[in-house]
Amino acid sequence: MAPLAILTRPDGRNDTLAARLDAAGWRTHGWPALALAPMPRQSPLPEPADFDLVVFVSGNAARLFFDAWRAQGASAWPAATAAATVGPASAAALHESGLFGTNTTVIHPPAAAPRHDSEALWELLRQRPMPRRVLIVRGTEGREWLAERLREAGAEVVPCAIYRRVPCEWDDARLALLQEWAAQDRPHTWLLTSGEGIAAVAANIDRAGVRAWWLRGRAVVTHPSLAQTLAGGGWNGALVKDCIPADEAIFAAFVAG
């Protein structure tokens, strides 16, 4: 039987990777662990022109910010404000917005960087003049590590929660499929990309009553801290691979065996 690949990133993020895994002989399922719900606005968004640097924690954070900012009447990114994000995939969302000019400064770790995360971005930022005011566009929850480093370096940091993560509760058909796979002891590998996502998947696994089978599987995670989270939940560390959050690296981790 073909090995199972269960991809738990939000809707729209799994299609390209799924097609490539299918072509490589996997049976792929895109089952988002979390839905991203835009935050209702009680007041206008902060204006990027009021900051030296705006950090977007992900492509989704950028897309949701730009949607809301356009609704306020914005049409172009201020030339004097730099933008930053954690990797080229997220940077693509900035350029695709149509708001950035050719001279806009966009800072992110390159595709060849060993990591695409806050630590990698910080290494780039600390080599530049430290911005005075920084806006961080993010979800209601997330790591504070980069904000702490910026504040320690003397920057004023303003968080902007643009979305909240809502755990997805899988329907009865998916729970029944999990039970069928467990009864067959199907080989399975999961793509897990956040601590909240791991918790949401685990809750669905327990609803299906197949935790023992789940813990016999493999996992691909996009940050070393997530491997630690899985180990704390009973996973065999030898069955967990971490890689940068880019489709090419994720695909390689899946097929490496």
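Residues numbered from 1 in each chain as written. Predicted model: local features only at pLDDT ≥ 70, side-chain atom pairs only at ≥ 80, totals over all residues. Heavy atoms only, no water.

Here we look at the side chain of Arg218
Here is the rule we go by: Labels follow the DSSP assignment, with helices taken as runs of H or I lasting at least four residues and strands as runs of E lasting at least two, numbered in each case from the N terminus. Using a 1.4 Å probe on the protein chains alone, a residue whose accessible area is under 20% of its type maximum counts as buried, one over 50% counts as exposed, and one in between counts as partly exposed. His is not counted, nor are the chain ends; Lys and Arg add positive charge and Asp and Glu add negative charge. Take a side-chain nitrogen of Lys or Arg and a carboxyl oxygen of Asp or Glu: if they are within 4 Å of each other, that pair is a salt bridge. In protein, a polar contact means a hydrogen-donor-capable atom and an acceptor-capable atom, both N or O and within 3.5 Å, with residues adjacent in sequence counting only if both atoms are side-chain atoms; elsewhere, any N or O pair within 3.5 Å suffices.
Mapped onto the elements, Arg218 comes out in strand β10 (residues 218-221). In this structure, Arg218 is buried with no salt-bridge partner, the nearest side chain bearing the opposite charge being Asp242 at 12 Å. At a separation of 3.4 Å, a polar atom in the side chain of Arg218 contacts the main-chain carbonyl oxygen of Ala253.

Re the domain arrangement of the protein chain
This is how it is decided: What marks off one domain from the next here is an automatic or database domain assignment. Contacts are assigned to residue pairs that have any heavy atoms within 4.5 Å of one another. Using a 1.4 Å probe, buried area is obtained as the accessible area two parts lose upon being combined, added over both of them.
Taken domain by domain, the protein chain holds domain 1 (4-33 + 168-256) and domain 2 (37-166). The centre of domain 1, based on its C-alpha atoms, is set 28 Å off from the matching centre of domain 2. Counting residues at the interface gives nine residues for domain 1 and 13 residues for domain 2. Roughly 770 Å² of surface becomes buried between domain 1 and domain 2 when both sides are summed, with 51% attributable to carbon and sulfur atoms. Arg165 is paired through a salt bridge with Glu196; the nearest N and O atoms lie 3.4 Å apart. Where domain 1 touches domain 2, the interface holds four residue pairs in polar contact (both at pLDDT 80 or more).

So, the nonpolar core
Just so we agree on the cut-off: In this text, buried Ala, Val, Leu, Ile, Met, Phe, Trp, Tyr and Cys residues form a nonpolar core when linked through side-chain atoms within 4.5 Å.
Judged by nonpolar contacts, the single largest core of 27 residues is most densely connected at Leu178, Trp190, Leu192, Val201, Trp213, Trp214 and Leu230. The set of elements that each furnish at least two residues to this core consists of β1 (4-7), α6 (172-184), β9 (188-192), α7 (195-208), α8 (211-214), β10 and α9 (224-232). Looking at this core, the element that brings in the most residues is α7, giving six residues.

Quick word on the pattern of salt bridges
Inspection of every chain in the model, using the stated rule, returns 14 salt bridges. Arg20 is the salt-bridge partner of Glu248, the closest N and O atoms lying 2.7 Å from each other. Placement of the pair is Glu248 in helix α10 (residues 247-255) and Arg20 in helix α1 (residues 15-23), with a sequence separation of 228 residues. Among the residues examined, Arg20 registers a relative accessible area of 37% and is labelled partly exposed. Ionic pairing is found between Glu144 and Arg138, a salt bridge with its closest N-O pair at 2.8 Å. Arg138 gets classed as buried once you look at its relative accessible area, which sits at 11%.

With respect to unusual backbone geometry
Peptide bonds are mostly trans, and most non-glycine residues show a negative phi. Phi at Asp185 takes a positive value of approximately 55°, unusual for a residue other than glycine. Summarising the element assignment, Asp185 is placed in the loop between α6 and β9. Among the residues examined, Asp185 registers a relative accessible area of 45% and is labelled partly exposed.

Describing the UniProt feature "domain: Tetrapyrrole biosynthesis uroporphyrinogen III synthase" (unreviewed entry) in the protein chain
Defined as follows: UniProt positions are given in the numbering used here, feature names are shortened, and annotations may be inferred rather than shown by experiment.
Following the UniProt record, one finds the feature "domain: Tetrapyrrole biosynthesis uroporphyrinogen III synthase" (unreviewed entry) at residues 15-240. A helix fraction of 38% and a strand fraction of 21% characterise residues 15-240, whose end C-alpha atoms lie 22 Å from each other.

Focus: the packing of aromatic side chains
Keep this limit in mind: Here the aromatic set is Phe, Tyr and Trp, taking the six-membered ring for Trp, and pairing holds for ring centres within 6.5 Å; pairs whose planes are under 30 degrees apart are stacked, those over 60 apart are edge-to-face, and all others are tilted.
Tallying each qualifying case throughout the model produces 16 aromatic pairs. With 5.5 Å between their ring centres and 85° between their planes, Trp26 and Phe254 make a pair best called edge-to-face. With Trp26 in the loop between α1 and β2 (27-30) and Phe254 in helix α10, this pair connects stretches of sequence that are 228 residues apart. For Trp26, a relative accessible area of 13% gives the class buried.

Focus on the pairing of β9
Just so we agree on the cut-off: What makes two strands pair is DSSP finding at least two bridges between them.
In terms of residue burial, β9 counts as a mostly covered element, since five of its five residues are buried. Residues of β9 alternate between two faces, with His188, Trp190 and Leu192 on one and Thr189 and Leu191 on the opposite face, all of them buried. Direction of pairing for β1 relative to β9: parallel, over a ladder of four bridges. Each residue of the ladder has a partner; that of Ala5, found in β9, is Thr189. Where β9 meets β10, four bridges bridge the pair, whose relative direction is parallel. Within β10, the position partnered with Thr189 by the bridge is Arg218.

What about the sheet that holds β2?
Strands in a sheet are paired, the pairing made by backbone hydrogen bonds, and the direction either parallel or antiparallel. To keep things clear, this is the line we draw: In this analysis, axes come from line fits to C-alpha atoms, helices being fitted only over the stretch in contact, and the angle between any two N-to-C directions falls in the range 0 to 180 degrees.
If you walk across this open sheet you meet the five strands as β2-β1-β9-β10-β11, and the pairing is parallel. Only two strands of the sheet have a single neighbouring strand rather than two, namely β2 and β11 (240-242). Taking the axes of each pair of neighbouring strands and ignoring which way they run, one obtains an average angle of 20° across the sheet. By the bridge criterion, three bridges tie β10 to β11 in an arrangement that is parallel. The residue bridging Val221 from the neighbouring strand is Asp242, located in β11. α9 contacts β9, β10 and β11 of the sheet and is inclined by roughly 150° relative to β10.

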